[in-house]
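Breakdown of the fold
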Amino acid sequence: MAGHDDARGEAVEEFLAKSLLLRECDATVIAKVTPHMMLSEHPAGATLVRAGSPSDGISILRRGRATASLVHATTGASTPLETLNVGDHFGDVGALTRAAHPYTIVADEPCVVLRMKPELVEALMARVPQFSLAIARRLAARAVQLGVITLRAGAAPATGSA
């Protein structure tokens, strides 16, 4: 996949080097990761990730925009959590916990997604501290967002240390 270009002529490797997930990684790491990225295209309204489905790795939004939502387990009610834009990654919670995805992500417009398999995620986390730090930062930001949503909904905040 290393040589594949998009409509603007930007190579996948160049795109990955600018993404939040990989931008602090060494160029040799990005060059090794690029051929393992799997590309998929999705129309507007398509579900990119369904809450409760098994993890299939971490994805990076290459083109388009999508919304990540929390889905209440018993009522099915959906609460928007964040808008994902080009360069944002998702699927990290499921990939790290080897559990089902906690969010549903729906394409707001046609999207192109690059995905790395869980095995690659684990290898990068074991060998590339900058990759692990990028995931940790994203998870921390999501934890803050969840806390804000919980407080807005009137629920009592969790106690204890983070």
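Here we summarise the structure given alongside this text. (Residues numbered from 1 in each chain as written. Predicted model: local features only at pLDDT ≥ 70, side-chain atom pairs only at ≥ 80, totals over all residues. Heavy atoms only, no water.)

This part takes up the sheet that holds strand β7 (residues 103–107). Pairing is antiparallel in the open sheet, where four strands are placed in the order β2-β7-β4-β5. Sheet topology places β2 (47–49) and β5 (78–84) at the edges, where each strand pairs with a single neighbour. In this sheet, neighbouring strand axes are inclined to one another by 30 degrees on average, regardless of whether the strands run parallel or antiparallel. As paired strands, strand β4 (residues 66–71) and β7 are joined by five bridges and run antiparallel to one another. Bridged to Ser69 within β7 is Thr104. (Pairing = 2+ DSSP bridges. Helix = DSSP H or I, 4+ residues; strand = E, 2+ residues; numbered from the N terminus. Axes fitted to C-alpha atoms, helices over the stretch in contact; angles between N-to-C directions.)

Turning our attention to the side chain of Asp88. Relative to the assigned elements, Asp88 resides in the loop between β5 and β6 (89–90). Polar contacts involving the side chain of Asp88 include one to the main-chain amide nitrogen of Asn85, which spans 2.8 Å. Apart from the residues within four sequence positions on either side, Asp88 is in contact with Leu20, Ser59, Ile60, Leu61, Thr83 and Arg138. (Polar contact = N/O pair within 3.5 Å; in protein donor to acceptor, adjacent residues only side chain to side chain. Contact = heavy atoms within 4.5 Å.)

Note that side chains of opposite charge can pair when their charged atoms are close. What the rule picks out here adds up to six salt bridges. A salt bridge links Arg65 to Asp108, with the nearest nitrogen and oxygen atoms 3.5 Å apart. Here Asp108 lies in the loop between β7 and β8 (111–116) and Arg65 lies in the loop between β3 (58–63) and β4, a separation of 43 residues in the sequence. Judged by its relative accessible area of 33%, Arg65 falls in the partly exposed class. Assessed through its relative accessible area of 31%, Asp108 is described here as partly exposed. Linking Arg65 and Glu109 is a salt bridge whose minimum nitrogen-to-oxygen distance equals 3.2 Å. One end of the pair, Arg65, is in the loop between β3 and β4; the other, Glu109, is in the loop between β7 and β8, with 44 residues separating them in the sequence. The exposure class assigned to Glu109 is partly exposed, which follows from its relative accessible area of 29%. (Salt bridge = Lys/Arg side-chain N within 4 Å of Asp/Glu carboxyl O. Buried < 20%, exposed > 50% of the residue type's maximum accessible area, 1.4 Å probe, protein only.)

We now examine the nonpolar core. Judged by nonpolar contacts, the single largest core of 22 residues is most densely connected at Leu16, Leu21, Met116 and Phe131. Going through the elements one at a time, α1 (12–18), α2 (27–33), β3, β8, α4 (118–127) and α5 (129–152) are the ones with two or more residues in this core. Dropping the residues within four chain positions of it, Leu16 is found in contact with Leu22, Arg23, Ile30, Thr34, Met37, Ile60 and Leu114. (Core = buried A, V, L, I, M, F, W, Y, C linked by side-chain atoms within 4.5 Å.)

Here the focus is the pairing of β8. Counted residue by residue, β8 has five buried out of six residues, so it is predominantly covered. As paired strands, strand β1 (residues 38–42) and β8 are joined by five bridges and run antiparallel to one another. In the strand pairing of β8, His42 is matched with Cys111. As judged from the five bridges shared by β3 and β8, these two strands associate in the antiparallel manner. Counterpart to Ser59 in the pairing with β8 is Arg115.

With that settled, the discussion passes to the environment of Ala51. Secondary-structure assignment places Ala51 in the loop between β2 and β3. On the basis of relative accessible area, Ala51 is assigned to the partly exposed category, the value being 27%. Considering only alpha carbons, one finds Ala51 and Ala100, 49 residues apart in sequence, at a separation of 7.0 Å. Ignoring anything within four residues of it in the chain, the contact list for Ala51 reads Val71, His101, Pro102, Tyr103 and Thr104.

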